[in-house]
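Per-entry structural report
If you want the building blocks of each chain, they are given just below.
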Amino acid sequence: MLRSLFLLLLLLASLYGQSYTSLLNRADKYARSSSKTNQFRAYNEYKNLYLRALMNDNKKLKKSALEGIVKSGNRLHIDVSQYSRELLHMKSTTKVSRFKKSQKKDSSKKIRVRSSHKLKAVRWKNGRLVLKFDKKLKNNQINYFKLYDKKDKIYKYIFDIHASMLTKSQRLRKSGIDRIKLAQYNPNTLRLVIANSKKLIIHFKKKRRSLYVHIEHTQVKELHHKRDIAKISSKVTTYREHTKKIIVIDAGHGGKDPGALGYRRYREKVVVLQIAQKLKKILKSQGYKVYMTRDRDVFIKLRNRTKFANDRHADLFISIHANAVGRKDAKSVHGMECYFLSTSRSKRAKKVAAMENSADLEDMDFYGKQCFLNTINSHNIIAANKLAIDLQRGALAALQKNYKNVKDAGVREGPFWVLVGAQMPAVLVEVGFITHPMEAKRLANAKYQQRMAQGLANGIERYFINN
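Residues numbered from 1 in each chain as written. Predicted model: local features only at pLDDT ≥ 70, side-chain atom pairs only at ≥ 80, totals over all residues. Heavy atoms only, no water.

A word on helix H7 (residues 268-285)
Over its 18 residues, H7 runs 26 Å from end to end, which matches the ideal 26 Å to within 8%, given 1.5 Å per residue. Every buried residue of H7 is listed here: Glu268, Lys269, Val271, Val272, Leu273, Ile275, Ala276, Leu279, Ile282 and Leu283. In the stretch just after H7, Gly287 is the one whose phi turns positive, near 105 degrees. (Helix = DSSP H or I, 4+ residues; strand = E, 2+ residues; numbered from the N terminus. Expected span 1.5 Å × (residues − 1). Buried < 20%, exposed > 50% of the residue type's maximum accessible area, 1.4 Å probe, protein only.)

This is the structure:
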């Protein structure tokens, strides 16, 4: 009997060991893929392996998982500084110079991803703008969105392409179009901006190594052949179907819980509600079905916020908050961050989460550590990670056009109880630091709030288009 039990335990141990190998191989396979979706899958697989390694004190697996987390996290613009330091500590007895240089960067610094594509040529062909690259383009390399500048009364149509230019920025000309500019927005992003005082109709398609952009005025829409009109109407139909989504916006804190008290005694619960209400209005105008966990100054338990979203079968859950620090750092610390749910152990994530979690301590006992781990859905982690990146990009793009010193504090992961239990992609947006003098004034300003809301709406649109 004992012999049989012993053999069974050996067999199970063998199978368990094999599962580590197969999971690691699968994660490595995802990591080698050029697909952004597979990169997210790889990151998530490495995180699961890391947790298993901690529970089973498996140092070899832990090292492999940490290497995978750092590599895939850097590619996805995720803050992995805590894992980098842990990996560096594990390797302190060996000489690995290629890690030492890159892993000692401060977590607040922006991670750069070297662009693999180069723009070779730009030309007009048959009335279309053609951008030719040195390699075949992928769908996830191109992000397209629209903005309207009320101040200057200008419509802007923007393409962000993960590529770089071989030449300096260019201004292109087309009859009837006010301005077309092509420039390197950052080391990894090539930006094409088409600006005009009147609305335009923009069609674009990707074909092998080229991006074709067709620009036309709304006045000549009815002069097109039926075939072209059918194409336009099909795009409109697709957009309308695309916006048949349910979004729940959660304005943080409320009622007896004021949230952070900032510069000039601005209250977090007031500022975030104002931004949430503006975001709701924009999203509803775009065709989305929108609910708010609170539309007035009331207190709601953390666990009831995601329950509210689950009961309405929401497609997205977005919780809006404002960050804060002590007086000592109030004048220096600022910036916008987006968080998605994880068991992150980084000091920064813990500090921010502790602030946001403190309102309803009862929830801590309600979930408990094990329940917290069980609640995390790997599919939703990947989707929430993508959503956080799109929200961050959308908001920063909208704000940086009209305001200086708008800081990108990054997309991060953290243990936020308000996100636990969500059955859809859920993100917590820290719109800025209410304790910073300049940022606090902006957060309390209606125009700044409107631009923030518009940027978040653009991020949501981009998320649905890309996913």
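Looking at the packing of H7 against helix H13 (residues 446-466)
Direction vectors running N to C along H7 and H13 enclose 50 degrees, while the axes themselves pass 8 Å from each other. Looking at the two axes, H7 sits oblique to H13. Judged by the sense of rotation from one axis to the other, the crossing of H7 with H13 is right-handed. Only Ala446, Gln449, Gln450, Met452, Ala453, Gln454, Leu456, Ala457 and Ile460 of H13 make contact with H7, whose side of the interface consists of Val271, Gln274, Ile275, Lys278, Leu279, Ile282 and Leu283. Of the residues belonging to the contact of H7 with H13, the class tally is 11 nonpolar, 4 polar and 1 charged. (Axes fitted to C-alpha atoms, helices over the stretch in contact; angles between N-to-C directions. Parallel < 35°, antiparallel > 145°, perpendicular 65-115°, else oblique. Left-handed = near helix turned anticlockwise from the far one by under 90°. Contact = heavy atoms within 4.5 Å. Nonpolar A, V, L, I, M, F, W, Y, C, P; charged D, E, K, R; others polar.)

Description of the sheet that holds strand S13 (residues 316-323)
Ordered by their spatial adjacency, 6 strands build an open sheet running S12-S11-S13-S16-S14-S15, and the pairing between neighbours is mixed. Every interior strand has two partners, whereas the edge strands, strand S12 (289-292) and strand S15 (408-414), have only one. Averaged over all adjacent pairs, the angle separating strand axes in this sheet is 20 degrees, with direction ignored. Where S13 and strand S16 (residues 426-433) come together, 6 bridges link them in parallel fashion. (Pairing = 2+ DSSP bridges.)

What to know about the pairing of strand S7 (residues 179-186)
In this sheet, S7 lies alongside strand S6 (residues 170-172) in antiparallel orientation, the contact comprising 3 bridges. Within S7, the position partnered with Gln170 by the bridge is Leu182. Connecting the antiparallel pair S6 and S7 is a turn made up of 6 residues, with Gly176 showing a positive phi of about 85 degrees. Between S7 and strand S8 (residues 189-196), which follow one another and run antiparallel, lie 2 residues.

What to know about the pairing of S8
Of all 8 residues making up S8, 8 are buried, and the element is well covered by its neighbours. Of the two faces of S8, both are covered, the one formed by Thr189, Arg191, Val193 and Ala195 as well as the one formed by Leu190, Leu192, Ile194 and Asn196. Relative to S8, strand S4 (residues 154-161) runs antiparallel, the two sharing 7 bridges. Bridge pairing in S8 links Tyr155 to Asn196. With 7 bridges joining them, S7 and S8 adopt antiparallel strand pairing. Of the residues in S8, the one forming a bridge with Leu182 is Leu192.

Observations regarding the packing of aromatic side chains
Counted by the stated rule, this structure contains 8 aromatic pairs. Measuring from centroid to centroid gives 6.4 Å for Tyr291 and Phe308, while their planes differ by 80 degrees, and the two rings are edge-to-face. Residue Tyr291 is located in strand S12, and its partner Phe308 is located in helix H8 (residues 302-311); the two are separated by 17 residues in the primary sequence. Here Tyr291 falls in the partly exposed class, since its relative accessible area comes to 26%. A ring pair is formed by Tyr463 and Phe464, whose centres lie 5.5 Å apart and whose planes are at 65 degrees; its orientation type is edge-to-face. Each member of the pair, Tyr463 as well as Phe464, is classed as buried. Linked through ring pairs, Tyr144, Phe159 and Phe204 together constitute an aromatic cluster. In this structure, Arg312 packs its charged tip against the face of Phe308, placed 3.6 Å from the ring centre. (Phe/Tyr/Trp six-rings, centres within 6.5 Å; stacked < 30°, edge-to-face > 60°. Lys NZ or Arg CZ within 6 Å of the ring centre and 35° of its normal.)

Notes on the pattern of salt bridges
All told, the structure shown has 9 salt bridges when counted by the stated rule. Across the pair Lys269 and Asp297 runs a salt bridge, and its minimum N-O distance is 3.0 Å. Taken together, the residues Lys269 in helix H7 and Asp297 in the loop between S12 and H8 connect sequence positions 28 residues apart. (Salt bridge = Lys/Arg side-chain N within 4 Å of Asp/Glu carboxyl O.)

Things to note about unusual backbone geometry
One non-glycine residue, Arg264, adopts positive backbone phi at about 55 degrees. Along the chain, Arg264 turns up in the loop between strand S11 (246-251) and H7. Given a relative accessible area of 56%, Arg264 falls into the exposed group. Positioned with a positive phi, Arg265 is a non-glycine residue whose angle comes to about 60 degrees. In this structure, Arg265 sits in the loop between S11 and H7. Taking the relative accessible area as the measure of exposure, Arg265 reaches 62% and is therefore exposed.

Re the confidence of the model for the protein chain
Taken residue by residue, the protein chain gives an average pLDDT of 79. The fraction at 70 or more is 76%. Throughout residues 360-370 the model reports pLDDT below 50, and contacts reaching past four residues in sequence, or to other chains, amount to 16 contacts. (pLDDT = per-residue confidence, 0-100.)

A short note on the sheet that holds strand S10 (residues 210-217)
Pairing is mixed in the open sheet, where 5 strands are placed in the order S5-S1-S2-S10-S9. The two strands at the open ends of the sheet, each matched to only one other strand, are strand S5 (164-165) and strand S9 (200-207). Across 2 bridges, the pairing between strand S1 (residues 118-125) and S5 is parallel. Looking at S5, one finds that Leu119 is bridged to Met165.

What to know about the packing of helix H3 (residues 59-75) against helix H4 (residues 81-90)
Helix-helix packing is characterised by the crossing angle of the two axes and by the distance between the axes. Close contact between H3 and H4 brings their axes to 9 Å; oriented N to C, the two are set at 135 degrees. One way to sum up the angle between H3 and H4 is to call them oblique. As H3 runs across H4, the sense of the crossing is left-handed. Contacts between H3 and H4 involve Lys59, Lys62, Lys63, Leu66, Glu67, Ile69 and Val70 on the former and, on the latter, Tyr83, Ser84, Glu86, Leu87 and Met90. Among the residues forming the contact of H3 with H4, the class breakdown is 6 nonpolar, 1 polar and 5 charged.

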